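# Descriptive analysis of the structure
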Amino acid sequence: MSLHYLVTGGAGYIGSHLVLALVEAEHRVTVLDDFSTGHRWATDGHEVIEVDIRDLAALRSALLHRHFDGVFHFAAKSLVGESAQKPLLYYQNNVSGTANLLEVALESGWGHCVFSSTAAVYGSPQARVIAEEHPVNPVNVYGETKLAMEQMLSAVHKQGAMQAVCLRYFNAAGAAPDAHRGEWHEPETHLIPNILRKAAGEDRALTIFGDDYDTPDGTCIRDYIHVLDLAQAHLKAMTMLHREGGFHTLNLGSEAGYSVREILEACETTVGRPITHEIGPRRRGDPARLVADASRAGQILDWRATRSLGEIIESAWLWEQERQNLQAR
């Protein structure tokens, strides 16, 4: 059955891949974005509403009396460093903006929301593998705002007004297989695209932050998940909400950990040459290991990550070469 969904932040990295998955599943899509960080080319062929979610009047004017079968909510500021420098911007956009979106959703009778959350809500890990029962204690403003957004959805659900799933990602990576969209942030803070930008010839330093952690090779271990696996989890979450309702918080990860050195070596294998890098000091607040326990998503959504690290990096490398071409035009 074809349904009509609103995707806020649908011009961004993960949101635009979710749009692809929705279209492939023969659903209708409307993208809402203010294009402060998203890309217009990522919305080609789709209905687009350009509005800032911080502006309740404009949001209400654009959306009131429209019907959507559900909302996928990606519209949020997401840079940890920037959140420390601009905390009010993050609270205004992420928390106040979400309150505005929910207000309009409830006025319009949309009762299903899948929310893009983050493993940053957990803060410093107290276990080798992190399950949803792990204490939530974010250590940065970005994580604080995402946790507040989850709590807001939970409160609205308790009123009986909204069925919701909060999906806590670990490290999203990779790109669509035909290399026509992928990760493009400015500034780029994520490991895999930064390595591949260096490999593509960009004049930039590539720094491994710390090689003296309590890990097998001394570098941090993280859980990487293909963006297409994330998109499928969103589809399954919305389907489950229509079928059963409820409120759920679910981890999304591969349940496998890879060190920074292992990621670098895998990228070197893919591009076929060494990639120049340097060793720098640890970054404050970086834990040695962050790996997901995603078993609850398997139980509730019948979902698991299926794409390998090699597939992640190969797709990201194809996209990076295309991105370089787009940038040069």
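As a reminder, the structure under discussion sits directly above these lines.
Residues numbered from 1 in each chain as written. Predicted model: local features only at pLDDT ≥ 70, side-chain atom pairs only at ≥ 80, totals over all residues. Heavy atoms only, no water.

## Considering the sheet that holds strand β1 (residues 4-8)
If you trace the seven strands from one edge of the open sheet to the other, you get β3-β2-β1-β4-β5-β6-β11, paired in parallel fashion. Two strands bound the open sheet, and with one partner strand each, they are β3 (47-50) and β11 (247-252). For this sheet the average axis-to-axis angle between neighbouring strands, irrespective of direction, equals 20 degrees. The sheet strands contacting helix α5 (residues 141-158) are β4 (70-73), β5 (112-118), β6 (163-169) and β11, and the helix crosses β5 at an angle near 155 degrees. Along the sheet, helix α7 (residues 227-244) makes contact with β1, β4, β5, β6 and β11, crossing β6 at roughly 160 degrees. (Pairing = 2+ DSSP bridges. Helix = DSSP H or I, 4+ residues; strand = E, 2+ residues; numbered from the N terminus. Axes fitted to C-alpha atoms, helices over the stretch in contact; angles between N-to-C directions. Contact = heavy atoms within 4.5 Å.)

## A closer look at the pattern of salt bridges
Applying the stated criterion across every chain yields a total of 18 salt bridges. Note that glutamate 133 and arginine 296 form a salt bridge whose closest N and O atoms lie 2.4 Å from each other. Here glutamate 133, found in the loop between β5 and α5, pairs with arginine 296, found in helix α9 (residues 295-301); they are 163 residues apart in sequence, far enough to count as distant. Of the residues examined, glutamate 133 reaches a relative accessible area of 59% and is grouped as exposed. One salt-bridge network, in which partners are shared between bridges, spans Glu186, Arg197, Glu202, Arg204, Glu320 and Arg323. (Salt bridge = Lys/Arg side-chain N within 4 Å of Asp/Glu carboxyl O. Buried < 20%, exposed > 50% of the residue type's maximum accessible area, 1.4 Å probe, protein only.)

## Comments concerning the sheet that holds strand β14 (residues 289-290)
With mixed pairing, the three strands of this open sheet are ordered in space as β12-β9-β14. Edge positions in the sheet fall to β12 (258-259) and β14, since each has one partner strand and no second. Relative to β14, strand β9 (residues 221-222) runs parallel, the two being bridged by two bridges. By the bridge assignment for β14, isoleucine 221 is matched with arginine 289.

## Some details on the packing of aromatic side chains
Summed over all chains, the structure comprises five aromatic pairs. Ring plane angle 35 degrees and centroid distance 5.7 Å describe the contact between tryptophan 41 and tryptophan 319, whose orientation is recorded as tilted. Of this pair, tryptophan 41 sits in the loop between β2 (28-33) and β3 while tryptophan 319 is found in helix α10 (residues 309-328), placing the two residues 278 residues apart along the sequence. For tryptophan 319, a relative accessible area of 2% translates into the label buried. An aromatic cluster is defined as three or more aromatic residues linked by ring pairs; in this entry it consists of Trp41, Trp184 and Trp319. For the cation-ring pair, arginine 40 lies above phenylalanine 35, with the distance from its terminal atom to the ring centre recorded as 4.1 Å. Positioned over the ring face of tyrosine 213 is arginine 282, at 4.0 Å from the centre of the ring. (Phe/Tyr/Trp six-rings, centres within 6.5 Å; stacked < 30°, edge-to-face > 60°. Lys NZ or Arg CZ within 6 Å of the ring centre and 35° of its normal.)

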